[in-house]
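# A closer look at the structure
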Amino acid sequence: MKKRFRRLLAGALTVLMCGTAQAQVELFAVNVGKGDALIVRAGDYTCLIDTGKEKAQDQLEVALNALGVEALDAVFITHTDKDHTGGLKWLRESGIEIRAIYASRYYPGTTQKKHPAVKAAKKLDLEVQWLGAGDSVPLGDSSAVFRVLAPETEIPGDEDDNSLVMMLDSPDGRILLTGDMEHTEEAALLASGADLRCDVLKVANHGDGDATSAALIAACAPSAALISTDSEEKPGTPDAGIVRNLQSIGCAVYVTQDASLGVRVTLDGGRVAVENVNP
């Protein structure tokens, strides 16, 4: 059954890759259940934001292979929850070259020595590059850049509220990537005065009701929203109120559980296209 799934997934994603070769910015949210694994491409730059949970490594492996990813310019770890870091061990042992590892500067749930990104970097002879508000990471030679909006300061005791929050900013459009940011970090972000307007919002914390307030939605004003979750794994997600608030401003909502393979987002010349991808 697993081999059949891999064949179907590889075939569909190969078609996907060929059909979007000209896209300026592409994000593919792999269906890893309740977890995050986002493959981002801009020009010749390819990176992965979070790695899903350990038991979802098959889906991540097939997606990377089918997209022809032999090297990752960077892996970004938004925070240390296992549904965001569980695939790291497989990834570092996969033979895929990893050129850089980035992570949130604040991680109250663990020590630096035990941080999953630090342990992976040590095995790869790399140093983790710690990010916080005000930092930026150019996406290679493309015109796109990740602008880090949060965290600005540590919020004690909560990994989710110290998530790495980044705006993918490009001439083709903007995507706000929120990790598992909850209301406390969100309130600080709103108070910072940062420009949160975006074309696509990656909804925080799998669409749980402890994140993504109406105020944040109004500040972002996205035309599309992406939620990475599985309602069986995390009941109550996506939260009906959040979906309703997004739809009330004319925002189309996509949930990874509704697609066998995942959700593809492309930004090209100011145009946004989002679709569920199935074999």
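Scroll up for the structure.
First things first, this report covers the structure right here in the doc. (Residues numbered from 1 in each chain as written. Predicted model: local features only at pLDDT ≥ 70, side-chain atom pairs only at ≥ 80, totals over all residues. Heavy atoms only, no water.)

Moving on, we get to the side chain of Lys53. Summarising the element assignment, Lys53 is placed in the loop between strand 3 (45-49) and helix 2 (57-66). Separated by 3.4 Å, the side chains of Lys53 and Glu233 make a polar contact. Once residues within four sequence positions are removed from consideration, Lys53 is found in contact with Val32, Gly33, Lys34, Lys82, Asp83, Gly86, Gly87 and Glu233. (Helix = DSSP H or I, 4+ residues; strand = E, 2+ residues; numbered from the N terminus. Polar contact = N/O pair within 3.5 Å; in protein donor to acceptor, adjacent residues only side chain to side chain. Contact = heavy atoms within 4.5 Å.)

Glancing now at the sheet that holds strand 16 (residues 262-268). Here eight strands make up an open sheet; going across it, the order is 8-7-5-3-2-1-16-17 and the pairing mixed. Strand pairing shows two members of the sheet lacking a second neighbour, strand 8 (128-131) and strand 17 (271-277), which therefore form its edges. Each strand of the sheet is rotated relative to its neighbour by a mean of 20°, with strand direction disregarded. Relative to strand 5 (residues 74-77), strand 3 runs parallel, the two being bridged by three bridges. The residue bridging Cys47 from the neighbouring strand is Ala74, located in strand 5. Lying on the sheet, helix 2 is in contact with strand 1 (25-30), strand 2 (38-42) and strand 3; it crosses strand 1 at an angle near 155°. (Pairing = 2+ DSSP bridges. Axes fitted to C-alpha atoms, helices over the stretch in contact; angles between N-to-C directions.)

Burial along strand 14 (residues 224-227) is two-sided: the face carrying Ala224 and Leu226 and the face carrying Ala225 and Ile227 are both buried. Where strand 14 and strand 15 (residues 252-255) come together, four bridges link them in parallel fashion. Paired with Ala225 across the bridge in strand 15 is Val253. After leaving strand 14, the chain enters helix 8 (residues 240-248) and then returns to the sheet as strand 15, a path that is right-handed. (Buried < 20%, exposed > 50% of the residue type's maximum accessible area, 1.4 Å probe, protein only. Right-handed = clockwise from strand over helix to strand, strands pointing away.)

Tallied over the entire structure, the rule returns 14 salt bridges. Residue Lys89 pairs with Glu93 through a salt bridge whose shortest N-O separation is 3.1 Å. Taken together, the residues span about one helical turn, with Lys89 and Glu93 both in helix 4 (residues 88-93) at a distance of four residues. Accessibility expressed as a relative area gives 48% for Lys89, which makes it partly exposed. With a closest N to O distance of 2.9 Å, Asp195 and Arg197 form a salt bridge. One continuous salt-bridge network, built from bridges that share partners, spans Arg147, Asp169, Arg174, Asp195 and Arg197. (Salt bridge = Lys/Arg side-chain N within 4 Å of Asp/Glu carboxyl O.)

Along the chain, the position of Ser213 falls in the loop between strand 13 (200-202) and helix 7 (214-220). Once residues within four sequence positions are removed from consideration, Ser213 is found in contact with His183, Glu186 and Leu190.

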